[in-house]
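One letter stands for each residue in the lines below.
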Amino acid sequence: MNTGNSVNHHLFVRENKAVSFSDETLEKVRSLIRRYPEGRQKSALLPVLHIAQEELGGFLSVDTMDYVASLLNLNPIEVYEVATFYSMFYLDKMGKYVLEVCHTGPCAICGGEDVLQHIRDYLHIETGETTPDGMFTLKEVECLGACGNGPVMQVNTEFYEHMTARQVEKVIEDLRQKQGEEGTSKGWAEQFS
Amino acid sequence: MGRAILLDKVNIPGIRAFEVYREHGGYKPAGKALLGMTPAQVQQEVIKSGLRGRGGAGFPTGLKWSFLDRKSDKPRYLVCNADESEPGTFKDRYLMEKLPHLLIEGLILSSYALGVKTCYIYIRGEFKYLVGILETAIHEAKKNNYLGEKILGTDFSLEIYVHPGAGAYICGEETALLESLEGKRGNPRIKPPFPAYKGLYDCPTVVNNVETLATVTSIISMGGDAYSKLGIGKSTGTKLMSACGNINKPGVYEIEMGLPVEDFIYSEEYCGGIKNDRMLKAVIPGGSSVPILPADLILNTAKGQPRLLTYESLAEGEFISGSMLGSGGFIVFDENACIVRNTWNLTRFYRHESCGQCSPCREGTGWMEKILYRIEHGQGRMSDIDLLVRIAKNIEGNTICPLGDAAAWPVASAIRHFRKEFEEHIK
Ligand SMILES: Cc1cc2nc3c(=O)[nH]c(=O)nc-3n(C[C@H](O)[C@H](O)[C@H](O)COP(=O)(O)O)c2cc1C
Ligand code: SF4
Ligand code: FES
């Protein structure tokens, strides 16, 4: 929800690129639509946007949102208004790895504030910024529902728990090492059977 | 008082798999109900059990089910609320990760009782990995004819689908959740009409929490009467508590309702005492939305009775000296924790999560955050404290959904019990 104090100079990115899913993903999208009653294909919007963000460039460009609108038979505005509401959808280019650090109370009182500051210092970026090599974007997020294992962060929706200054350095270096390799975790489309 | 009802199978190796779950008695309750009980009888057991909603409000589940519009000829829906985004709460995640089939079985039983043919699990998007775990469990159950067409040869058919959210605390509120499930922004609806009449796609709908629905399996297994004998008074059965903060053993614990708070905090079986041998300063006992209580009032009520983990005991003293069981998200603060900083932090959370529909909530949360920020950063004025109290009061009860109250209570209670600390920050 963008009710914060920050003001964006632009909201959407248009790349003027043709985007489309693979045939396999299109089949998955069709099966997702069938989970909802006839005429209620709009219900598939959130799951399809997750897949789109993951498979079509790591954020939701206007091109991608318009494509999703056409797949679900929606007006583009119906997609824009949803994409701007939910914090997991990115409207701008992100680094290859998005470090989403929980900054909410339970994590904060267990050392989360120090971990966050350490990442800023280590990567020389502020919250919301991306490293010049395009590898890491730092984001602060609200409670991730893992407060007993705090401080918590997610990297591209994978959980990293019990973080310390030393631990985050290791996570960052490990991610640098595996540059180019695909992650082992299942993507959005594979989550659905 | 350690009593495993929901979590009795949690340590069995491989219990996430259908076969292992069934070998250990899983899906017996489903078989018993579908082959030997009418839907009304299943609902009757839930009524007898005294089960109350585990999502936060504690509303009696059987009673909620009885409100469902059964005269309508539209399809009915059951929606499982797995949005779990209230700071301090992480019990549903644990339950779904460890025992997915317990939830699936609870959904089968509940859908049978309610006459539902389609059920959605709305799960917060950050729990992406759980989507796969739940979908696998659903797939296994379907292969074994516990889901799909004509379950176990009866006339009862059911499909369950997992539906991810995308990062919005407000979508835990049941009508925002339904909007989100329809593919829209998560703006809560004005009630009435209630979901029991006009819910998902304007059809009669029941929304229940993960833990509530999983508990239905235990109730059918042991019988509603036996379940109701656990716990104390109107707080029957067991509750999952997720404990975090400055304690030795954070984690998810199943307790029988009625366990003294002191035992929960200090016993080795549960939280294991305060970390680094520090002193207990305060506790938020039911997720970030419920009032914070200082050490003396969380251990004992104002009347000097030991405080127990029940809906009633935690609420004893109401807003003057009590709090709420809420979601069971138990956040512990040691003597070094700064109440002002934490109150600012939580207010920032509510400001960020307000959907923005009602001005008292949208403007009030932002205003409170700004004031708390300046107090925390040494620029507060003495008059700010009463101003905060006034803003909180003006939000409370004046909004479409309870997020407004949830934002007001932490501020009001922190000032009520820790006013000195606010004053010291300002001096
Ligand atoms: C702002 C807000 C957030 C909520 N978040 C959740 C949640 O994450 N999970 C949940 O089960 N209930 C949540 N609730 C409560 C739901 O509105 C609803 O009462 C609950 O799902 C009903 O289930 P129960 O009767 O089984 O507890 C929330 C309520 C509000 C006002
Ligand atoms: S109280 Fe807040 S979150 Fe709830 S509907 Fe109003 S503005 Fe939205
Ligand atoms: S507060 Fe960080 S995960 Fe809940």
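Residues numbered from 1 in each chain as written. Chains lettered and ligands numbered in written order. Predicted model: local features only at pLDDT ≥ 70, side-chain atom pairs only at ≥ 80, totals over all residues.

(A) Representation of the overall build of chain B within the structure. Helix and strand counts for chain B stand at 18 helices and eleven strands. For 427 residues, the compact-globule estimate of 2.2 N^0.38 gives 22 Å, and chain B sits close to it at 22 Å. Expressed as lengths along the three principal axes of its C-alpha atoms, the size of chain B is roughly 75 × 45 × 35 Å. The buried share of chain B, reckoned over its 427 residues, is 58%. Considering only contacts within chain B whose residues lie at least 6 apart along the sequence, 72% involve residues at least 24 apart. (Helix = DSSP H or I, 4+ residues; strand = E, 2+ residues; numbered from the N terminus. Rg over C-alpha atoms; globule rule 2.2 N^0.38 Å. Buried ≥ 20, exposed ≤ 12 C-beta atoms within 10 Å, placed from the backbone. Contact = placed C-beta atoms within 7 Å.)

(B) Local environment of the overall build of chain A. From N to C terminus, chain A includes seven helices and four strands. Its C-alpha atoms give chain A principal-axis dimensions of about 50 × 40 × 30 Å. Restricting to contacts in chain A with at least 6 residues of sequence separation, those with at least 24 account for 64%.

(C) Spotlight on the site of ligand 1. Residue and element names in this part refer to chain B. Near ligand 1 lie 23 residues; those nearest to it are Gly 53, Gly 55, Gly 172, Asn 209 and Thr 212. Secondary-structure elements contributing two or more residues to the shell around ligand 1 are strand S4 (205-209) and helix H18 (403-426). Looking at the shell around ligand 1, its residues break down into eight nonpolar, nine polar and six charged. Mapping the shell around ligand 1 onto the domain boundaries places at least three of its residues in each of domain 1 (18-229) and domain 3 (339-426). (Near = placed C-beta within 6 Å. Nonpolar A, V, L, I, M, F, W, Y, C, P; charged D, E, K, R; others polar. Domains from an automatic or database assignment.)

(D) Quick look at the site of ligand 2. Looking at ligand 2, there are 14 residues lining it, with Cys355(B), Cys358(B), Cys361(B), Thr399(B) and Cys401(B) nearest. Classifying every residue of the shell around ligand 2 by side-chain character gives eight nonpolar, five polar and one charged.

(E) Highlighting the interface of chain A and chain B. Contacts between the two partners involve 43 residues from chain A and, on the opposite side, 56 residues from chain B. When residues of the side of chain A that touches chain B are traced back to their parent elements, those giving at least two are helix H2 (45-55), helix H4 (76-83), helix H5 (105-123) and helix H7 (188-191) of chain A. When its residues are assigned to classes, the side of chain A that touches chain B shows 22 nonpolar, 15 polar and six charged.

(F) Expanded view of helix H16 (residues 359-376) of chain B. All names here are of chain B. In this model, H16 (18 residues) spans 25 Å end to end at C-alpha, consistent with the 26 Å of a helix rising 1.5 Å per residue. Buried residues of H16: Cys 361, Gly 364, Thr 365, Gly 366, Met 368, Glu 369, Ile 371, Leu 372 and Ile 375, and no others. Against the buried residues of H16 lie helix H15 (339-353), helix H17 (383-395) and H18. Two residues or fewer after H16 comes Gly 378, characterised by a positive phi angle close to 75°. (Expected span 1.5 Å × (residues − 1).)

(G) Structural view of the pairing of strand S2 (residues 118-123) of chain B. Residues and elements named next belong to chain B. Counted residue by residue, S2 has six buried out of six residues, so it is predominantly covered. Neither face of S2 is open: one carries Thr 118, Tyr 120 and Tyr 122, the other Cys 119, Ile 121 and Ile 123, and all of them are buried. As defined by bridge partners, strand S1 (residues 77-82) adjoins S2 across six bridges and the pair is classed as parallel. Residue Val 79 lies in a different strand from S2, and its bridge partner there is Tyr 120. (Pairing = 2+ DSSP bridges.)

(H) View of the sheet that holds strand S1 (residues 97-102) of chain A. Residue and element names in this part refer to chain A. One open sheet accounts for four strands, arranged S2-S1-S3-S4; its pairing is mixed. With partners counted over all chains shown, the strands left at the sheet margins are strand S2 (136-141) and strand S4 (158-160), one partner each. Between one strand axis and the next, the sheet turns by 25° as a mean value, whatever way the strands run. With three bridges connecting them, strand S3 (residues 153-155) and S4 associate as antiparallel partners. Pairing of Met 153 across the sheet is with Tyr 160, part of S4. (Axes fitted to C-alpha atoms, helices over the stretch in contact; angles between N-to-C directions.)

(I) Fine view of the confidence of the model for chain B. When the pLDDT values of chain B are averaged, the result is 97; 100% of them are 70 or greater. Note on the complex model: pTM 0.97, ipTM 0.96. (pLDDT = per-residue confidence, 0-100.)

(J) Quick peek at the sheet that holds strand S8 (residues 251-256) of chain B. All names here are of chain B. The strand order across the open sheet formed by five strands is S8-S7-S11-S9-S10, and the pairing between neighbours is mixed. Bordering the open sheet on either side are S8 and strand S10 (293-294), each of which pairs with just one other strand. With two bridges connecting them, strand S9 (residues 280-284) and S10 associate as antiparallel partners. Bridged to Val 283 within S10 is Leu 293.

(K) Here's a closer look at the environment of Met135(A). Residues and elements named next belong to chain A. Of note, Met 135 is situated in the loop between H5 and S2. For Met 135, a count of 15 C-beta atoms within 10 Å translates into the label partly exposed. Residues Met 135 and Pro 151 lie 16 residues apart in sequence; the distance between their C-alpha atoms is 22 Å.

(L) The arrangement of helix H8 (residues 174-181) of chain B in detail. Among the eight residues that make up H8(B), seven are buried, leaving the element largely enclosed by the rest of the structure. If you follow the buried residues of H8(B), they end up packed against H2 of chain A together with S1, S2, strand S3 (159-164) and S4 of chain B.

(M) Region of interest: the packing of helix H6 (residues 100-114) of chain B against helix H7 (residues 128-143) of chain B. Residue and element names in this part refer to chain B. Viewed as axis vectors pointing N to C, H6 and H7 meet at an angle of 60°, and their least axial separation amounts to 9 Å. Looking at the two axes, H6 sits oblique to H7. The handedness of the crossing between H6 and H7 comes out as right-handed. In contact with Pro 100, His 101 and Ile 104 of H6, H7 contributes Ile 133, Leu 134, Ala 137, Ile 138 and Ala 141. (Parallel < 35°, antiparallel > 145°, perpendicular 65-115°, else oblique. Left-handed = near helix turned anticlockwise from the far one by under 90°.)

(N) The arrangement of the domain arrangement of chain A in detail. Examined at the domain level, chain A breaks down into domain 1 (23-83) and domain 2 (97-177). On a C-alpha basis, the centroid separation for the pair domain 1 of chain A and domain 2 of chain A is 29 Å.

(O) Layout of the pairing of S3(B). Residue and element names in this part refer to chain B. Sheet topology places S2 next to S3; six bridges connect them, and they run parallel. Among the inter-strand pairings, Cys 119 is bridged to a residue of S3, identified as Ile 160. For the segment spanning S2, H7 and S3, crossover handedness is right-handed. (Right-handed = clockwise from strand over helix to strand, strands pointing away.)

(P) Representation of the packing of H17(B) against H18(B). Residues and elements named next belong to chain B. For the pair H17 and H18, interaxial distance at closest approach is 9 Å and the crossing angle is 170°. Taken together, the axis directions place H17 and H18 in an arrangement best described as roughly antiparallel. Of the residues in H18, those touching H17 at Asp 384, Ile 385, Leu 388, Val 389, Ala 392 and Ile 395 are Gly 404, Ala 407, Ala 408, Val 411, Ala 412, Ile 415, Arg 419, Phe 422 and Ile 426. Partitioned by chemical class, the residues of the contact of H17 with H18 number twelve nonpolar, one polar and two charged.

(Q) Summary view of the nonpolar core. By size, the foremost hydrophobic cluster in this structure holds 182 residues, and its most contacted members are Val48(A), Leu49(A), Val79(B), Cys80(B), Leu103(B) and Val332(B). Broken down by element, the residue count for this core peaks at eleven residues, all from H18(B). Residues in contact with Leu49(A), not counting those within four places in the same chain, are Leu60(A), Val68(A), Ala83(A), Phe89(A) and Ala166(B). (Core = buried A, V, L, I, M, F, W, Y, C linked by C-beta atoms within 7 Å.)

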